[in-house]
Amino acid sequence: VERALVSGQLAGQHWLVSAGPTREAIDPVRYVSNHSSGKMGYAIAAALRDAGAQVTLVSGPTTLDCPDGIERVAVNSALEMLAACQAVNPDGFIACAAVADFRPAMAAEHKLKKGQGDLNDVHWVENPDIVAAVAGAKRRPRWVIGFAAETENAIDNARAKRIRKGLDAILANTVGDNQAFGTDDNHLHWIDAHGDTDLGHAPKRVLAEALVRRIIDLAKE
Ligand code: CTP
Ligand code: CA
């Protein structure tokens with residue numbers, strides 16, 4: 001019944017979803033990354049498709065198959081993910097990716113050798129904020145929605161993040177200690193300018209559908 005409710009409501013719209021981790025090269029054989037599995041983003045992409053949207057999924061490295069009927073653009077690094085996201089001009093963007101916050105300023109040309117102290121010489125720079133860049137672009141999508149991965153004070157931190165990044169809404173989730181990263185379940189809070197709603201603890205697929213129903217409501221405002 002819920003599915004039927006959502007069905008077709010996003011027909012004619014193009015949605016962009018970022019998902020998964022990014023990998024930041026240290027040298028030809030090593031990288032820095034995080035525990036994101038991509039499951040939440042892939043579930044959202046599938047739910048948007050089920051609601052009739054055309055969906056582009058910009059994905060960091062995951063073990064997941066691309067859901068049917070979705071165009072996947074595979075990337076590795078945050079800089080590649082930024083370029084891939086900026087290459088589309090969607091009606092809405094949901095930033096689900098766990099973008100690495102830092103990257104080595106330059107990947108070493110050759111494998112770093114132990115005992116030479118090379119690792120201490122790696123110079124780290126902050127990656128661009130992809131969702132904030134899209135939200136602040138001249139051709140901003142009508143809807144820009146982010147996630148907030150927090151290990152403490154999830155709701156308060158997420159509220160501040162939503163405003164700082166210029167987002168229409170943000171989904172707060174608590175990560176760490178086996179929560180969210182890699183699991184099939186999640187607990188999400190939807191936060192927008194009006195307040196926040198607990199979407200509850202549920203399988204990611206179920207939460208993705210609840211999220212898409214919210215988006216449809218938002219789009220009607
Ligand atoms: N995000 C992004 N580009 C980045 C970092 C984050 O697009 N370089 C997006 C994520 O996809 C997510 C939102 O921003 O939708 C929040 O990510 P999060 O890691 O929680 O926020 P940060 O701004 O990186 O803050 P911090 O990790 O320091 O809490
Ligand atoms: Ca971060």
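Numbers given for residues are sequential positions, taken from 1 along each chain in its written order. All chains are assigned letters beginning with A, and all ligands numbers beginning with 1, in the order in which they are written. In keeping with the model being predicted, local features are shown solely for residues with a pLDDT of at least 70 and side-chain atom pairs are shown and tallied solely at 80 or more, while totals for entire chains, interfaces and linings include all residues. Only hydrogens and water are set aside when side-chain values are computed; all heavy atoms of the structure are taken into account.

- Under the annotation held in an unreviewed UniProt entry, the chain carries the name Coenzyme A biosynthesis bifunctional protein CoaBC and is attributed to Litorivicinus lipolyticus.

A word on the coordination of the calcium ion (ligand 2)
Next up, step 1: Around the calcium ion (ligand 2), the protein contributes the donor atoms D101 (OD) and D101 (OD), at 2.4 to 2.5 Å from the metal centre.
Next up, step 2: Locating D101 in the fold gives a position in the loop between β6 (92-95) and β7 (102-104). Donors, by definition, are the N, O and S atoms found within 2.8 Å of a metal, the threshold being 3.2 Å for Na, K and Ca, and water is not counted, so a site can look incomplete. The helix and strand labels rest on DSSP assignments: H or I over at least four residues marks a helix, E over at least two residues marks a strand, and numbering proceeds from the N terminus.

A short note on the packing of helix α2 (residues 39-50) against helix α6 (residues 204-220)
Next up, step 1: Two elements in contact, α2 and α6, have axes whose closest approach is 8 Å; the angle formed by their N-to-C orientations is 50°. Comparing their axes, α6 and α2 come out oblique. Note on packing geometry: the crossing formed by α2 with α6 is right-handed. Every residue of α6 that contacts α2 at K39, M40, A43, I44, A47 and L48 is listed here: K204, R205, L207, A208, E209, L211 and V212. Between N-to-C directions, angles span 0 to 180 degrees; the directions come from axes that are lines fitted to C-alpha atoms, helices contributing only their stretch in contact. We call two directions roughly parallel when the angle between them is under 35 degrees, roughly antiparallel when it is over 145, roughly perpendicular when it lies between 65 and 115, and oblique otherwise. Each helix crossing is assigned a hand: it is left-handed if the near helix lies turned anticlockwise from the far helix by less than a right angle, otherwise right-handed if that turn is clockwise. The contact criterion used throughout is that any non-hydrogen atoms of two residues lie within 4.5 Å.

Topic: the nonpolar core
Next up, step 1: We define the nonpolar core as a collection of buried residues of types Ala, Val, Leu, Ile, Met, Phe, Trp, Tyr and Cys that are connected through side-chain atoms lying within 4.5 Å of one another. Note on exposure labels: buried denotes an accessible area under 20% of the residue type's maximum, exposed denotes more than 50%, and partly exposed covers the range between, all computed with a 1.4 Å probe on protein chains only. Of all hydrophobic cores here, the largest spans 34 residues; its most connected members are W15, I44, L48, I94, F147 and W190.
Next up, step 2: Listing elements by their share of this core, those giving two or more residues are β1 (14-19), α2, β4 (54-59), β9 (143-150), β10 (169-174), β11 (185-192), β12 (195-203) and α6.
Next up, step 3: Residues contacting W190, with those up to four places away along its chain left out, are I145, A169, I170, L171, G195, D196, T197, L199, L211, R214, I215 and L218.
Next up, step 4: If you look at the next biggest cluster of nonpolar residues, it comprises 21 residues, including L16, V131, A158 and L167.

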